[in-house]
Amino acid sequence: MRHALMVGDFSKATHLSVKTLRHYHQVGLLRPAEVDPGTGYRYYTPDQIPTAQVIRRLRDLDMPITDVKAVLATPDARTRGALIAAHLDRLESELARTRSAVDSLRDLLRRPAAAPVEHRTIPACPAIGITAEVDRADLPAWWQGARGELHAAVQAQDLDPTGPGGGLYAGGIFQDDRGRATVFVPVAGHVRPIGRVEALVVPAAELAVTTHHGPLADADLAYGELGAYTARHEIGVAGPLREYYLRDARDTPDASQWVTEIGWPVFRADPDDAADNDNSDADTATDTDADVGHGTGA
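Residues numbered from 1 in each chain as written. Predicted model: local features only at pLDDT ≥ 70, side-chain atom pairs only at ≥ 80, totals over all residues. Heavy atoms only, no water.

The next point concerns the side chain of serine 11. When you line up the elements, serine 11 lands in helix 1 (residues 7-14). For serine 11, the contacting residues outside a window of four places in its chain are Leu16, Ser17, Val18 and Leu21. (Helix = DSSP H or I, 4+ residues; strand = E, 2+ residues; numbered from the N terminus. Contact = heavy atoms within 4.5 Å.)

Take a look at the structure:
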């Protein structure tokens, strides 16, 4: 073969290692122009160098080999552009998730002292709500859709919200990645069931409550504080975890300004007695008998 490059020279010309070229040969991504049947030596042509350069850049962008094959196989420039653009969109989404995770970790490392924990008696209240068995991975999308549907129903049925909207979340969502979830808006007036929307009564509860400021993606920090608090004082009981959305996306698009109350079910106990069980506990607790209608609205 005239003007053939042995694998070592082709490696130097393309900045692809011999090991990588062997792998690309095995998976059918970049086959040598010729393989000597006696020695097994692989030979490439100069015309293959541009292809190798394209492959290296696509692989540097973490494009899967199957997608690289598709890009190289299509003769249509528009199709090639669409394949590359789709991969770049995936990279941007992954980068956004990475940035969010980095910001969350930085916040965790420099987070301030734990927020106070309040013991609160919540009376039962009528509400409009949506309930479903939800996979944990689907919970954010389900939550957003259900909340939008609920508030549209409140407006369409001319109902009067009596407090901030909230949610009830069974432990299975966190323990088994699937469980019962309810989002609700406390209301006064007759609720007409339609579609997923129904009338319900949010049950009474004794809760240890703390306030989370910021996006719900970081709410696990508040959950962690509450879980540790109830464990130290041995007051946790079975029951759904509860959230009240005092300020959310309906009030401001700035997630750093969101305010969420998080409640952990407990049995009634004198918080002063509980504090005596752990003199080093930095948590503070107050005791109130109040509805949660002190928020910014449903």
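We are not done yet, so read on.
For the rest of this paragraph, the subject is the pairing of strand 5 (residues 125-135). Two elements, strand 5 and strand 9 (residues 198-202), share 5 bridges in a ladder whose sense is antiparallel. Counterpart to glycine 129 in the pairing with strand 9 is glutamate 198. Across 9 bridges, the pairing between strand 5 and strand 8 (residues 178-188) is antiparallel. Counterpart to isoleucine 130 in the pairing with strand 8 is valine 183. (Pairing = 2+ DSSP bridges.)

Here the focus is the pairing of strand 8. Of all 11 residues in strand 8, 8 are buried; the element is thus mostly enclosed. Judged from the 2 bridges that link them, strand 6 (residues 160-161) and strand 8 form a sheet pairing that is antiparallel. For proline 161, the partnering residue across the bridge sits in strand 8 and is valine 187. Two elements, strand 7 (residues 166-169) and strand 8, share 4 bridges in a ladder whose sense is antiparallel. Following the sheet pairing, tyrosine 169 is matched in strand 8 by alanine 181. (Buried < 20%, exposed > 50% of the residue type's maximum accessible area, 1.4 Å probe, protein only.)

Where charged atoms from two side chains of opposite charge come close, those side chains can pair. For the coordinates displayed, the defined rule picks out 9 salt bridges. Among the salt bridges present, the one from arginine 120 reaches glutamate 118, with a minimum N-O distance of 3.0 Å. Note that arginine 136 and aspartate 177 form a salt bridge whose closest N and O atoms lie 3.8 Å from each other. Of the two residues, arginine 136 sits in the loop between strand 5 and helix 6 (139-156) while aspartate 177 sits in the loop between helix 7 (172-175) and strand 8, which places them 41 residues apart along the sequence. Several salt bridges share partner residues, and in doing so they unite Glu118, Arg120 and Glu261 into one network. (Salt bridge = Lys/Arg side-chain N within 4 Å of Asp/Glu carboxyl O.)

All right, on to the nonpolar core then. In this structure, Ile128, Trp142, Tyr169 and Val183 are the most contacted members of the largest nonpolar core, which totals 31 residues. Mapped by element, the contributors of at least two residues to this core are strand 5, helix 6, strand 8, helix 8 (220-233) and strand 11 (241-247). For this core, the element with the most residues is helix 6, which contributes 7 residues. Formed by 17 residues, the second largest nonpolar core is a distinct cluster that contains Leu29, Tyr44, Leu58 and Val71. (Core = buried A, V, L, I, M, F, W, Y, C linked by side-chain atoms within 4.5 Å.)

A positive phi angle, near 55 degrees, is found at aspartate 158, a position not held by glycine. Turning to its location among the elements, aspartate 158 is positioned in the loop between helix 6 and strand 6. Relative accessible area serves as the criterion here: at 66%, aspartate 158 is assigned to the exposed category.

Under the definition given, this model contains 4 aromatic pairs. Ring geometry for phenylalanine 10 versus tyrosine 44: centroids 4.2 Å apart, planes at 5 degrees, classification stacked. Of this pair, phenylalanine 10 sits in helix 1 while tyrosine 44 is found in strand 3 (residues 42-44), placing the two residues 34 residues apart along the sequence. Each member of the pair, phenylalanine 10 as well as tyrosine 44, carries the same accessibility label: buried. (Phe/Tyr/Trp six-rings, centres within 6.5 Å; stacked < 30°, edge-to-face > 60°.)

Note that methionine 6 resides in strand 1 (residues 5-6). What makes methionine 6 partly exposed here is its relative accessible area of 40%. In this view, methionine 6 contacts Tyr41, Arg42 and Tyr43; residues no more than four positions away in its chain are not counted.

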